[in-house]
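Structure assessment
Read off the chains here:
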Amino acid sequence: MNEATPTTANVTTTDVLIIGAGPTGLTLACDLARRGVSFLLLERSTTPSTASRAKTIQPRTMEVADDLGVAVRVLTEGRVNVPTRRYDRDLVVSEAVELAGGVHTTDAPYPPVWLSQPRFEQILRDRLTELGGTIHWGSEVTDLQQDDDGVTATIETTAEPDAGGRTVHARYAVGADGGRSTVRTLAGIELHGTSLTDQRWHLGDVRVTGLSRHCQHLWTSKENGLLSLFPLPGTDLWQFQASIPADRAEPEEPSLELFRRIFAERAAVPGVVIQDVAWLSLYRINVVLAGHYRSGRILLAGDAAHIHSPAGGQGMNTGIQDAYNLGWKLAALLDGADPALLDTYEHERRPVARNVLDDSTTRLGNVMRAAGENHGPSAQQGLTDEHTTGLGIAYADSPLTHGPGAGVRSPDAPCRNADTGRPTRLFDLLRGPQWTLLSFGSTTVQQTPDSPRTFRVTTDPTATGADTVIDTDDLAHHAYRVTGDELVLIRPDGYIAARRPAHDLPAVLALAATNGL
């Protein structure tokens, strides 16, 4: 049962209070729901947001989506390898895939996928419903108090049937409520950083006629910077992005008339009409990081903890991976794991955000510099690369990382089930909320109620056993760089916790048990 428990008419108890039902909060709720952890998910807005904002699902986030059971739908509704058509005013000068290009490989099966944030949120909401979870709309936290046993929150709700005030007692609270986080303020956690005063943008979701939807349309110029119209998959909308020249002291407020004028001045492609606007914004870029991700039993995730330039498409993805890192740790603590486990959340995730802040700021500067020099071909090409995929994120210095080769993402590989002969993937073995132990080589580890879910991975084509897979083409051994009999312990979030010789099984099992097996 995932739902919080009402104790009186206006008092509710739950294990985890999640504030914010954007992609970060939804990911955390889905992860807790499949683990059977009770939670209450609150959203200040009364209806889902329709603003596109983010639109890139990076490969590592696609692996999270795979584990949560939504990757197929993301691939179905999204697009890959969307080309960019470049213009000089109304003249087409080139067309090629420049952003988030990629193909799957045997060890990394997902490319970057283009899908607007509202569509991705809907997919997560549908999955949450399947898992038995609900969202409490129009609910705002007005006060948070905590002690050694939990957090007490005062909630004001405007939406029926929960309208009115109530109190929630939770063992932990997670603020996933965005850049203007109320939770962060109530917890007394400060933001540190700066505003990029020369980087301002007019953004919007618009309907356009006269342009092909198979590609992004891009104009760059020394005078005006960058103008982009990007077709949002699964909708009839386009994302409008126009940089505001740095010499404009006070930019105009966004409007349909302004967007039409910008297009006429910078593009003027005959027959193209911006019909209407579904969402618009004047976007000022802040680059800030929370001083801490945790204050006692209150934690921050997503934009509540870090805000940065959208360059590289890393913002939403970083928040989703925050939630994926945090979910299993909260569940383990609630089940009696070492309390020090929760300290590893900030230890692992805050350096990642620090790196994203620095990286995205550099990328945006390079893009705008290239646009200012009217060097169109390089204006976008440096926005995405192997770094922005998220596949290289590692926790080498984490207290949860033990031994050489640990702390990195566990790769995928195609294999064959030893009993049925059917194709399978290592990700099929890892999928789910549990710890997993891969035994490479000749050693078969006996599965017990107290051990991780265990599989033998062997190149022996004659091997048998329901929990044995045959690495037919040696791709699994190559991906994991295994040359002999070795145990690989994999955390619930898909990172390698330890690598040990096959004879060191007791130490491997002890490590998993300490951290919430």
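Structure shown above.
This report concerns the structure included in the present document. (Residues numbered from 1 in each chain as written. Predicted model: local features only at pLDDT ≥ 70, side-chain atom pairs only at ≥ 80, totals over all residues. Heavy atoms only, no water.)

**Side note on the overall build of the protein chain**
If you tally the helices and strands in the protein chain, you get twelve helices and 26 strands. What you see for the protein chain is a C-alpha radius of gyration of 24 Å, in line with the 24 Å of a compact globule of 517 residues. For the protein chain, the spread of C-alpha atoms along the three principal axes comes to 70 × 60 × 35 Å. Across the 517 residues that make up the protein chain, the buried fraction comes to 56%. Of the contacts formed within the protein chain by residues at least 6 apart in sequence, a portion of 68% connects residues at least 24 apart. (Helix = DSSP H or I, 4+ residues; strand = E, 2+ residues; numbered from the N terminus. Rg over C-alpha atoms; globule rule 2.2 N^0.38 Å. Buried < 20%, exposed > 50% of the residue type's maximum accessible area, 1.4 Å probe, protein only. Contact = heavy atoms within 4.5 Å.)

**Comments concerning the sheet that holds strand β14 (residues 225–231)**
Read across the open sheet, the eight strands follow the order β6-β5-β13-β14-β15-β12-β16-β19; overall the sheet is mixed. What marks the edges here is a single partner per strand, and that holds for β6 (91–96) and β19 (306–307). As paired strands, strand β16 (residues 273–290) and β19 are joined by two bridges and run antiparallel to one another. When the bridges of β19 are listed, Val 288 appears paired with Ile 307. (Pairing = 2+ DSSP bridges.)

**Quick notes on the environment of His 478**
Positionally, His 478 belongs in helix α11 (residues 475–480). Note on His 478: relative accessible area 62%, which makes it exposed. It is 43 Å that separates the C-alpha atoms of His 478 and Leu 191, two residues lying 287 residues apart in sequence.

**Some details on empty space enclosed by the protein**
Across all of its chains, the model carries three cavities of 30 Å³ or more by this definition. The space that makes up the largest cavity amounts to roughly 170 Å³. Lining the largest cavity are 18 residues, with Asp 67, Tyr 324, Phe 427, Leu 430 and Gly 494 sitting closest to its centre. If you list the elements that add at least two residues to the lining of the largest cavity, you get α2 (59–68) and α10 (426–430). (1 Å grid on protein atoms, 1.4 Å probe; cavity = no way out; pocket = protein on both sides within 12 Å on 5 of 7 lines; lining within 4 Å. Points joined across faces, edges and corners; volume = space filled by probe spheres on them.)

**A closer look at unusual backbone geometry**
Even without a glycine there, the phi angle at Asn 81 is positive, about 50°. In this fold, Asn 81 is placed in the loop between α3 (71–77) and β5 (84–88). Although it is not a glycine, Ala 268 sits at a positive phi angle of roughly 55°.

**So, the sheet that holds strand β20 (residues 414–417)**
With respect to topology, seven strands assemble into an open sheet ordered β21-β20-β24-β23-β22-β25-β26, the strand pairing being mixed. In this open sheet, the two strands that pair with only one neighbour each are β21 (423–425) and β26 (496–501). For this sheet, the mean angle separating the axes of adjacent strands, direction not counted, is 30°. With three bridges connecting them, strand β23 (residues 453–458) and strand β24 (residues 468–470) associate as parallel partners. (Axes fitted to C-alpha atoms, helices over the stretch in contact; angles between N-to-C directions.)

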